[in-house]
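Each chain is listed here by its residues.
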Amino acid sequence: MSKTNTITARDMAAPRNFGTVLKELDWRRYVIYIGFVVVFLFFAVLLRDQGFMTPQNLLNIFRQTATITVIAVGMTYVISCAEIDLSVGSVAGLASVCTAMAVSQWGLVPGILAGLAVGLVVGSINGALVSLLGIPSFLVTLGMLGIAAGVAQWITASAPQPILNDAFNMIFGSGDFGPVPGLVVWSALFVAVGAVVLNRTRFGRQVLATGGNRNAAEFTGINTKRIKFQVLLISGTVAAVAGMLYAGRLQSGRFQWGSGDELSAIAAVILGGTSLFGGFGSIMGTLFGALLIGLINNGLILAGLDSSQQQVVRGAIIILAVALARKK
């Protein structure tokens, strides 16, 4: 009787507590999806005569944000682990020129391996300096940003490195898989794998535990130094793949490719709901964060704003991302 009465009383009280439930709802977790819909509808109405809603333009938004999405997937792991990687944009540029030079000299497979090697080497250096020597990742990757950009400019004498290998260009960005652009397939693949690993594997749980409370994670037996090394290694390697996507899409390697992408990736990650302080990450949120930035860029271009005005809006997005960040 007591158990039955308790259940009945709880059920009767539920409607009265509905308002309290709404107040306690963590709206910040869904703000990216709400914001995406609002911005999309705003531009759909404002720019209906400029072709914003045409299938070609909507497909261009996905294509143009693909490389940022790929970089941001790796950045999600880094920020979830309470670290930061400011070198990803320069790593993408360096990987693009190394890939272009290797493809020209030795062919398709050595070119791909050269690009991946750039990411592995840079990611390993970043990870070792942070995890083994205890240097803050902000300082390490800020220094690596300058080093990678300088090396890319140095070895090319600031000249573009053309890629004439049709197979490489088709695989990395220029080709289509049926009606779907190759860049969209690449970004979807990285998002799918990144989401599964972060949410469904032991490694993903260890990344979140390390970012949430390092001391508690170590107490449970997690090697937090190894985890920090691995997330920075992942970030560097993913950035190198993004550099190859730049090279394939634009059919050349340049040290400028990826410049400033670190800020866009960080904004996408934080807007997507990942905690700036670590301990929580959302790959799907990151995807929508990247799409929101691409949506805004596309809308501003169609509205006739120049590059300087677009930079102002991007800066405002960074500030908004930090304002919405909070410790989980």
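Residues numbered from 1 in each chain as written. Predicted model: local features only at pLDDT ≥ 70, side-chain atom pairs only at ≥ 80, totals over all residues. Heavy atoms only, no water.

(A) Just the overall build of the protein chain, in detail. Helix and strand content of the protein chain: 16 helices and 4 strands. Here the protein chain holds 328 residues, and the buried ones make up 46% of them. The long-range share in the protein chain, meaning contacts at least 24 apart out of those at least 6 apart in sequence, stands at 78%. Counting every atom, the protein chain has about 16000 Å² of accessible surface; 67% of that belongs to carbon and sulfur. (Helix = DSSP H or I, 4+ residues; strand = E, 2+ residues; numbered from the N terminus. Buried < 20%, exposed > 50% of the residue type's maximum accessible area, 1.4 Å probe, protein only. Contact = heavy atoms within 4.5 Å. Areas by Shrake-Rupley, 256 points an atom, 1.4 Å probe, with all protein chains shown as cover.)

(B) Fine view of helix α13 (residues 224-250). Spanning 27 residues, α13 covers 39 Å between terminal C-alpha atoms, matching the ideal 39 Å at 1.5 Å per step. When you tally the buried positions in α13, you get 19 out of 27 residues, the bulk of the element. Downstream of α13 by one or two residues, Q251 has phi in the positive range, about 55 degrees. (Expected span 1.5 Å × (residues − 1).)

(C) Structural view of the packing of helix α6 (residues 88-106) against helix α7 (residues 108-131). It is the contact of α6 with α7, at a shortest axis distance of 7 Å, that shows an interaxial angle of 155 degrees. If you check the angle between α6 and α7, you find them roughly antiparallel. Crossing angle aside, the handedness with which α6 passes α7 is right-handed. In this structure, α6 uses V91, L94, A95, C98, T99, A102, V103 and W106 to contact α7, whose residues at the interface are L108, P110, G111, A114, G115, V118, G119 and V122. Its residues placed into classes, the contact of α6 with α7 shows 12 nonpolar, 4 polar and no charged. (Axes fitted to C-alpha atoms, helices over the stretch in contact; angles between N-to-C directions. Parallel < 35°, antiparallel > 145°, perpendicular 65-115°, else oblique. Left-handed = near helix turned anticlockwise from the far one by under 90°. Nonpolar A, V, L, I, M, F, W, Y, C, P; charged D, E, K, R; others polar.)

(D) Structural context of a nonpolar patch on the surface. Judged by side-chain polarity, L132, L133, I135, F138, L139 and L142 come together as a nonpolar surface patch covering roughly 600 Å² of accessible area. Relative to the assigned elements, L139 resides in helix α8 (residues 137-156). (Patch = residues over 30% accessible without salt bridge, like charges linked within 9 Å, V, L, I, M, F, W, Y side chains within 5 Å. Salt bridge = Lys/Arg side-chain N within 4 Å of Asp/Glu carboxyl O.)

(E) Geometry of the packing of helix α10 (residues 182-200) against helix α11 (residues 202-212). At their nearest, the axes of α10 and α11 sit 5 Å apart, and the two run at 70 degrees to each other. For the element pair α10 / α11, the angle class is roughly perpendicular. Every residue of α11 that contacts α10 at V197, L198 and R200 is listed here: R202, F203, G204, R205 and L208. When its residues are assigned to classes, the contact of α10 with α11 shows 4 nonpolar, 1 polar and 3 charged.

(F) Spatial organisation of the side chain of K228. Note on placement: K228 falls in helix α13. Sequence-distant contacts of K228, that is, excluding residues within four places in its chain, are made with C81, E83, S131, T210 and R214.

(G) Quick peek at the pattern of salt bridges. A complete count under the given rule lists 2 salt bridges for this structure. The closest approach of N and O atoms between K228 and E83, which form a salt bridge, is 2.4 Å. Of this pair, K228 sits in helix α13 while E83 is found in the loop between α5 (66-80) and α6, placing the two residues 145 residues apart along the sequence. Linking E218 and R214 is a salt bridge whose minimum nitrogen-to-oxygen distance equals 3.3 Å. Linking E218 with R214, this pair stays in helix α12 (residues 214-219), spanning 4 residues, or about one helical turn. Relative accessible area serves as the criterion here: at 37%, E218 is assigned to the partly exposed category. Classification of R214 by relative accessible area gives partly exposed; the value is 35%.

(H) Focus on the layout of surface pockets. Taken as a whole, the second largest pocket spans an internal volume of roughly 230 Å³. In terms of lining residues, the second largest pocket is bounded by 10 residues, among which G35, V39, L292, I296 and L320 are the most central. The leading source of residues in the lining of the second largest pocket is helix α3 (residues 31-46), at 4 residues. Of the residues contributing to the lining of the second largest pocket, the split by class is 9 nonpolar, 1 polar and no charged. (1 Å grid on protein atoms, 1.4 Å probe; cavity = no way out; pocket = protein on both sides within 12 Å on 5 of 7 lines; lining within 4 Å. Points joined across faces, edges and corners; volume = space filled by probe spheres on them.)

(I) Inspection of the confidence of the model for the protein chain at higher detail. Mean pLDDT over the protein chain stands at 87; residues scoring 70 or higher make up 88%. In this model, residues 1-14 is a region of pLDDT below 50 whose contacts with residues beyond four sequence positions or in other chains number 0 contacts. (pLDDT = per-residue confidence, 0-100.)

(J) Representation of the environment of D49. Here D49 shows up in the loop between α3 and α4 (55-64). A relative accessible area of 68% means that D49 is categorised as exposed. Sequence separation between D49 and L302 is 253 residues; the distance between their C-alpha atoms is 9.9 Å.

(K) Structural context of the packing of aromatic side chains. Following the criterion strictly, the structure yields 11 aromatic pairs and no others. Relative to F172, the ring of F168 lies with its centre 4.7 Å away and its plane at 25 degrees, an arrangement referred to as stacked. With a gap of 4 residues between them, F168 and F172 both fall in helix α9 (residues 166-174), about one helical turn apart. Just as F168 is buried, F172 falls in that class too. Geometrically, the ring pair formed by Y246 and W257 is stacked, given 6.5 Å between the ring centres and 20 degrees between the ring planes. Here the residue Y246 occupies a position in helix α13, and W257 occupies one in the loop between β4 (252-253) and α14 (261-271), the gap between them amounting to 11 residues. Note on accessibility: Y246 and W257 belong to one class, buried. One aromatic cluster is present, formed by Y33, F36, F40, F42, F43, F52 and F288 through successive ring pairs. (Phe/Tyr/Trp six-rings, centres within 6.5 Å; stacked < 30°, edge-to-face > 60°.)

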